[in-house]
Amino acid sequence: MRALQLSGEELQAHVARLQFLGERGEFDAAAEPERTFLLERPGPGLLPGKDIAGLVVQAAADGSGPGIGTRVVGHPAQGGWAEYAAVPTHSLAVLPDSIDSVQAAALPLAGITALRLLRTAGSLVGRRVLLTGASGGVGHYVTELAVGAGAELTAVTATPVRGERLAELGATVVHEVAAAQGPFDVVLESTGGPDLPIALAKVRPGGTLVWFGQASRTPATLDFVQLLGGPERVTIQHFHYAGAPYGSDLAALVRLVEQRRLHPEIGRVTDWAQTADTLVDLRERRIRGKAVLLTGGAR
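Rules used throughout
Residues numbered from 1 in each chain as written. Predicted model: local features only at pLDDT ≥ 70, side-chain atom pairs only at ≥ 80, totals over all residues. Heavy atoms only, no water. Helix = DSSP H or I, 4+ residues; strand = E, 2+ residues; numbered from the N terminus. Buried < 20%, exposed > 50% of the residue type's maximum accessible area, 1.4 Å probe, protein only. Patch = residues over 30% accessible without salt bridge, like charges linked within 9 Å, V, L, I, M, F, W, Y side chains within 5 Å. Areas by Shrake-Rupley, 256 points an atom, 1.4 Å probe, with all protein chains shown as cover. Salt bridge = Lys/Arg side-chain N within 4 Å of Asp/Glu carboxyl O.

**Things to note about unusual backbone geometry**
- The residue after Gly 182, namely Pro 183, is reached through a cis peptide bond having omega 0 degrees.
- Assignment of secondary structure puts Pro 183 in the loop between β10 (172-174) and β11 (184-189).
- Residue Ala 244 is joined to Pro 245 through a cis peptide bond whose omega torsion reads 10 degrees.
- Within the secondary structure layout, Pro 245 lies in the loop between β13 (235-238) and α8 (247-258).
- For Arg 233, which is not glycine, the phi dihedral falls at a positive 60 degrees.
- Tracing the sequence through the fold places Arg 233 in the loop between α7 (224-228) and β13.
- In this structure Arg 233 comes out as exposed when scored by relative accessible area, which is 61%.
- Unlike most non-glycine residues, Arg 285 shows phi in positive territory, near 60 degrees.

**Re a nonpolar patch on the surface**
- Taken together, the side chains of Leu 222, Leu 227 and Ile 236 define a hydrophobic patch exposed on the protein surface, amounting to about 240 Å² of accessible area.
- Summarising the element assignment, Ile 236 is placed in strand β13.

Structure representation (structure tokens):
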């Protein structure tokens, strides 16, 4: 079996054996810009890949989960960029015929993050929401789901091109956090650095800022004296999406796509032999939306 493993600064194909924790399947893998940071300085033995979809070829020994031949989407801890991957049955969802593997592979990490982030934010009906760092896969899903839930959402993107799709989904798009017209009931902040205190100042008194990323790679600094002049009683909440099981959230995402309430944005579909070039293009923001790597014929 072939899998992708990092060796130095390059991705290379090699023969690997995975421990079969539950399901084993032949998968497509989806990458997103935020995950490329980890790949720049990989630890020993890193087997990348957390977003996968494909066909079950060996069912779980304990009888749980889908049977052989079932099309599924999954979210393993690692090792998804391979011809065969092991996924715990609690982190799988069955795919209907109306959703192909390419669409499904673009769902797990960004989609689960968006779902859990919005649950953390609470009810959004009639609330004003600011989303920073909205250009990537998480931003797309958060925008579509939040607007669909009744939020008045302002999205911050680096360029007008990045904001076009979000505007089509119903967001007000600006290109600097300072340009967003507050106050906001909820701020979803993912860039860190100097943007975080600017975003915090735009929260209404008693509102919430959910900090879920640091895409700028720059630590944020908050000044106590400056905070005294800002909104009062603001809650800052740290958020990280991780925590299995993922199966129920994957099933929810599949239903949303099937109901046409969620539309994965896929900017590139290519053979996994092109992984290294694709990762560079994701990091440099040359791909709008998700990139899907194919290990074989997509179904």
